[in-house]
Number of protein chains: 2
Amino acid sequence: MANSPSGDSMLDRLVRILDAFDAQNPTLTVNALARRADVPRATTYRLLESLVSHGLLARDADGQVRLGMRLWELANRSASTLDLRQAALPFMEDINQLVGQNTQLAVLHEDDVLVIERLSRPGSVVNQANVAGRMPVHLTSMGMALLAYSPASVLEGYLERHGEAMVARHPKLRHELAEIRRTGYATFDGLIDPESTGAAAPILDTRGHALAVLAVVVPRGSDLLPAAVMALQTATRGIARALAPATEH
Amino acid sequence: MANSPSGDSMLDRLVRILDAFDAQNPTLTVNALARRADVPRATTYRLLESLVSHGLLARDADGQVRLGMRLWELANRSASTLDLRQAALPFMEDINQLVGQNTQLAVLHEDDVLVIERLSRPGSVVNQANVAGRMPVHLTSMGMALLAYSPASVLEGYLERHGEAMVARHPKLRHELAEIRRTGYATFDGLIDPESTGAAAPILDTRGHALAVLAVVVPRGSDLLPAAVMALQTATRGIARALAPATEH
């Protein structure tokens, strides 16, 4: 791959350019893009030309830059999460209507919770999760449920890299994880937002490992919680069945 | 940008590699990938290394290649369709439950109908639309509704490029488009699948142009159609309101 004088490959720069956009910054001026991506301004202008012509970026009428529809199309039409999302969406709709609070679907990815889908209702409690956003494992019920149902090697690897932050927040971690596995769900009060309680149940593969988690966020202290947990546990079993090959039904 | 001896840029090859995957081919062997992307096999192996290390592609345990979660994350967290999708999803759930048939959201993109979201029900009629899949404008109610509510320049540009195919299928095109604008929706029987009827209503911006369309597919000859159209027209107005700046409510 062609490298710039700094040893930066074209692909490094491309990924940093795409990474410069997020939910808070869906459009950027070219100068802001160069700064956030840490790519020289002249190089950014030159790359921009090709990226726009390939549809990976787009220019608004006012000259601002945003991600292109072609990028969205390429990334989504065979996404590995597509089956999971299609299987989960009808159940998420049911929970969203029955429980009346935000419902989200997430996976463990590179030591973070990656939100795959989120349905929200007007009037739901504050919720920090965004589609394709990342959240810390140790500060979410989603992360704790994913960890409790991970293969031992994944759990130990995670703890090697993040044990300190985890144990500072969860001094009785082993006990908590065992308790999540015993009850089949994770729930924590106000880990991120003091006003809310999260609850998450795993969608399990045939070996009993979490493929994903389904979660709701309810107001802290809400008497909705036991019913919401039961809805989650019913839905996650339905999703697992919908995902399993027909012969296993 | 560094070019190969054939004048192919790195970005050309990258886009062709990503483009080799689709709903029917979510995983590929490296050889199949090289063939479908029309990239020499040795170059594909070399590029694969970097693409996997950047998370744009991933390798399965059996050596097959698929799109990486990082690509999905980068493309989705600030997608320009995110607001549209978030505004439309609750209405799509309602229609999906009330009408009990597939519901989809689409935009006009590069002379095709690009499906942004799709909700389906078990037992729905056959439906060719996939999330992030493209469909021909002249063979879908979605495309015809999008065209009828496009700015004149978009409509004329489309007809210049695709007038022949369009008029072969829709000899009274101007009349059909006027009729769609008069009634506020498009409906066609069996344009793609002889067993089904599609109906689509536009989500309009403040100038009266379509930002997107909302559509259902019902069994051909179903007496559900008038009610489904009314549900679509109610939902599209709700979505347009949800998308408008607060001051315009």
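Keep in mind it's a predicted model, so treat the numbers as computed, not measured.

Caption draft 1: Representation of the relation of the copies chain A and chain B in the model. Note on the copies: chain A fits chain B at an RMSD of 0.0 Å, the axial shift is 0.0 Å, and the rotation between them is 180 degrees. In symmetry terms, the pair is related by a two-fold rotation axis.

Caption draft 2: Summary view of the pairing of strand E4 (residues 103-109) of chain B. All names here are of chain B. With respect to burial, E4 is a largely interior element, six of its seven residues being buried. Bridging between E4 and strand E5 (residues 112-119) involves seven bridges; their strand directions are antiparallel. Note on E5: the bridge partner recorded for Gln 104 is Arg 118. Two successive antiparallel strands, E4 and E5, enclose a turn made up of two residues, where Glu 110 displays a positive phi of approximately 50 degrees. In this structure, E4 lies alongside strand E9 (residues 210-219), joined through four bridges in antiparallel fashion. The residue of E9 that forms the bridge with Ala 106 is Val 213.

Caption draft 3: A look at the nonpolar core. If you look at the biggest cluster of nonpolar residues, it comprises 64 residues, and the most contacted ones within it are A:Ile95, A:Leu105, A:Leu214, B:Ile95, B:Leu105 and B:Leu214. Sequence-distant contacts of B:Leu105, defined by excluding residues within four places in its chain, comprise B:Leu84, B:Arg85, B:Ala88, B:Met92, B:Leu114, B:Val115, B:Ile116, B:Glu117, B:Ile203, B:Ala212, B:Val213 and B:Leu214. Within the second largest apolar cluster, 48 residues are counted, among which are A:Leu33, A:Val39, A:Val65 and B:Leu57.

Caption draft 4: Structural view of the sheet that holds strand E2 (residues 57-59) of chain B. All names here are of chain B. Strand order in the open sheet made by the three strands is E1-E3-E2, with antiparallel pairing throughout. Of all the strands in the sheet, the pair left with one neighbour each is strand E1 (27-28) and E2. Packed on one face of the sheet, helix H3 (residues 41-53) meets E2 and strand E3 (65-67) and runs near 100 degrees to E2.

Caption draft 5: Representation of the pattern of salt bridges within the structure. Tallied over the full model, the rule gives 28 salt bridges over all chains. Notably, a salt bridge pairs B:Glu117 with B:Arg85, separated by 3.0 Å at the nearest N-O pair. On the criterion of sequence distance, the pair formed by B:Glu117 in strand E5 and B:Arg85 in helix H5 (residues 82-99) is long-range, its members being 32 residues apart. Of the two residues, B:Glu117 and B:Arg85, neither departs from the other in class, the shared state being buried. It is possible to trace a salt-bridge network through shared partners that takes in A:Asp19, A:Glu110, A:Asp112, A:Arg134, B:Arg70, B:Glu73 and B:Arg77.

Caption draft 6: Focus on helix H1 (residues 10-19) of chain A. Of all 10 residues in H1(A), seven are buried; the element is thus mostly enclosed. Along H1(A), the positions that sit buried rather than exposed are A:Met10, A:Leu11, A:Arg13, A:Leu14, A:Val15, A:Ile17 and A:Leu18.

Caption draft 7: Structural detail: the interface of chain A and chain B. Taken together, the contact between chain A and chain B spans 56 residues of the former and 56 residues of the latter. Together, the buried faces of chain A and chain B total about 5200 Å²; carbon and sulfur atoms form 60% of this surface. Of all residues in chain A, the largest losses of buried area upon contact with chain B belong to A:Met69, A:Trp72 and A:Arg77, amounting jointly to 14% of the total for that side. Put simply, chain A and chain B have eight salt bridges between them. Summed over the shared surface of chain A and chain B, the result is 16 residue pairs in polar contact (both at pLDDT 80 or more). The set of elements that each furnish at least two residues to the side of chain A that touches chain B consists of H1, helix H3 (41-53), strand E2 (65-67), helix H4 (69-76), helix H5 (82-99), strand E3 (103-109) and strand E4 (112-119) of chain A.

Caption draft 8: Inspection of the sheet that holds strand E8 (residues 196-204) of chain B at higher detail. Spatial ordering of the open sheet is given by E6-E5-E4-E9-E8-E7 (chain B), a layout of six strands whose pairing is antiparallel. Across the chains shown, the open sheet's two edge strands, defined by having one partner strand only, are strand E6 (134-136) and strand E7 (186-189) of chain B. Within the sheet, the average angular offset between the axes of one strand and its neighbour, ignoring direction, is 30 degrees. Here H4(A) sits on the sheet and contacts E4, E5 and E6 of chain B; the angle it forms with E5(B), its principal contact strand, is near 50 degrees.

Caption draft 9: The environment of A:Ala201, seen in detail. For A:Ala201, the position within the fold is in strand E7 (residues 196-204). By relative accessible area, A:Ala201 is classed as buried at 0%.

Caption draft 10: Representation of the UniProt feature "domain: HTH iclR-type" (unreviewed entry) in chain A within the structure. In the numbering used here, UniProt assigns the "domain: HTH iclR-type" (unreviewed entry) feature to residues 8-69 of chain A. Annotated as 52% helix and 10% strand, the span residues 8-69 of chain A places its first and last C-alpha atoms 27 Å apart.

Caption draft 11: Inspection of the domain arrangement of chain A at higher detail. The domain boundaries assigned to chain A delineate domain 1 (10-75) and domain 2 (82-248). A straight line from the C-alpha centre of domain 1 of chain A to that of domain 2 of chain A covers 32 Å.

Caption draft 12: How the structure looks around the side chain of A:Thr81. Secondary-structure assignment places A:Thr81 in the loop between H4 and H5. A:Thr81 has contacts with A:Ile116, B:Met69 and B:Trp72, leaving out every residue within four places of it along the chain.

Caption draft 13: Highlighting the layout of surface pockets. In this structure, the largest pocket encloses a volume near 1500 Å³. Together, 50 residues line the largest pocket, and A:Ser80, A:Leu84, A:Val107, A:Ala210 and A:Leu211 are the ones closest to its centre. Broken down by secondary-structure element, the contributors of at least two residues to the lining of the largest pocket are H5, E3, helix H7 (152-169), strand E8 (210-219) and helix H9 (225-243) of chain A together with E2, E3 and helix H4 (69-76) of chain B. With five residues, H5(A) is the largest single contributor of residues to the lining of the largest pocket. Here the second largest pocket defines a volume of roughly 820 Å³. Residue lining of the second largest pocket: 20 residues in total, with A:Met69, B:Val107, B:Leu108, B:Ala210 and B:Leu211 positioned closest to the centre. Per-class residue counts for the lining of the second largest pocket are 10 nonpolar, five polar and five charged.

Caption draft 14: How the structure looks around the environment of A:Ala34. Residues and elements named next belong to chain A. As for its position among the elements, Ala 34 is in helix H2 (residues 30-37). Residues Ala 34 and Met 166, 132 residues apart in the sequence, show an inter-C-alpha distance of 35 Å. Residues contacting Ala 34, with those up to four places away along its chain left out, are Val 39, Arg 41 and Thr 44.

Caption draft 15: Examining the packing of H1(A) against H3(A) more closely. Residues and elements named next belong to chain A. For the pair H1 and H3, interaxial distance at closest approach is 12 Å and the crossing angle is 85 degrees. Between H1 and H3, the angle is such that the two are roughly perpendicular. Each of Met 10, Arg 13, Leu 14 and Ile 17 in H1 lies in contact with H3, whose residues at this interface are Thr 43, Leu 47 and Leu 51.

Reading the values: rules and limits
Within any chain, residue numbers begin from 1 and follow the written order of that chain's sequence. The lettering of chains begins at A and the numbering of ligands begins at 1, in the order of writing. Only residues with pLDDT of at least 70 get local features here, since the model is predicted, and only at 80 or more are side-chain atom pairs given and counted; chain-wide, interface and lining totals rely on the full set of residues. Each side-chain value is worked out from all heavy atoms of the structure, with water and hydrogens disregarded. What sets the superposition is a least-squares fit of C-alpha atoms, and only residues with pLDDT of at least 70 in both copies go into it. The cut-offs for exposure are 20% and 50% of the maximum accessible area for each residue type, with area from a 1.4 Å probe on protein chains only; residues under the lower value are buried, those over the upper are exposed, and the others partly exposed. Numbering of helices and strands runs from the N terminus; a helix is a DSSP stretch of H or I covering at least four residues, while a strand is a stretch of E covering at least two. Two strands qualify as a pair provided that DSSP identifies no fewer than 2 bridges between them. Side-chain atoms within 4.5 Å link the members of a nonpolar core, which is a set of buried Ala, Val, Leu, Ile, Met, Phe, Trp, Tyr and Cys residues. Contacts are residue-level and defined by heavy atoms, with any inter-residue pair within 4.5 Å sufficient. Interaxial angles span 0 to 180 degrees and are taken between N-to-C directions of axes, which are lines fitted to C-alpha atoms, for helices over the stretch in contact. Note on definitions: salt bridges are taken to be side-chain nitrogens of Lys or Arg within 4 Å of carboxyl oxygens of Asp or Glu. Buried area counts how much accessible surface, traced with a 1.4 Å probe, disappears from two parts once they are put together, with both parts' losses summed. Side-chain atoms alone can form a polar contact between residues adjacent in sequence; in general such a contact is a pair of N or O atoms within 3.5 Å, and within protein one must be able to donate a hydrogen while the other accepts it. UniProt positions are given in the numbering used here, feature names are shortened, and annotations may be inferred rather than shown by experiment. Delimitation of the domains relies on an automatic or database domain assignment. As defined here, a cavity is a set of points on a 1 Å grid over the protein atoms alone where a 1.4 Å probe fits but cannot get out. A pocket is an open set with protein on both sides within 12 Å along at least five of seven lines, and residues line them when an atom is within 4 Å of a point. Grid points are joined across faces, edges and corners, and a volume is the space filled by probe spheres set on the points. All residues other than Ala, Val, Leu, Ile, Met, Phe, Trp, Tyr, Cys, Pro, Asp, Glu, Lys and Arg, Gly among them, are scored as polar; the first ten of these are nonpolar and the last four charged. In these notes the angle categories are as follows: under 35 degrees is roughly parallel, over 145 is roughly antiparallel, 65 to 115 is roughly perpendicular, and the rest is oblique.

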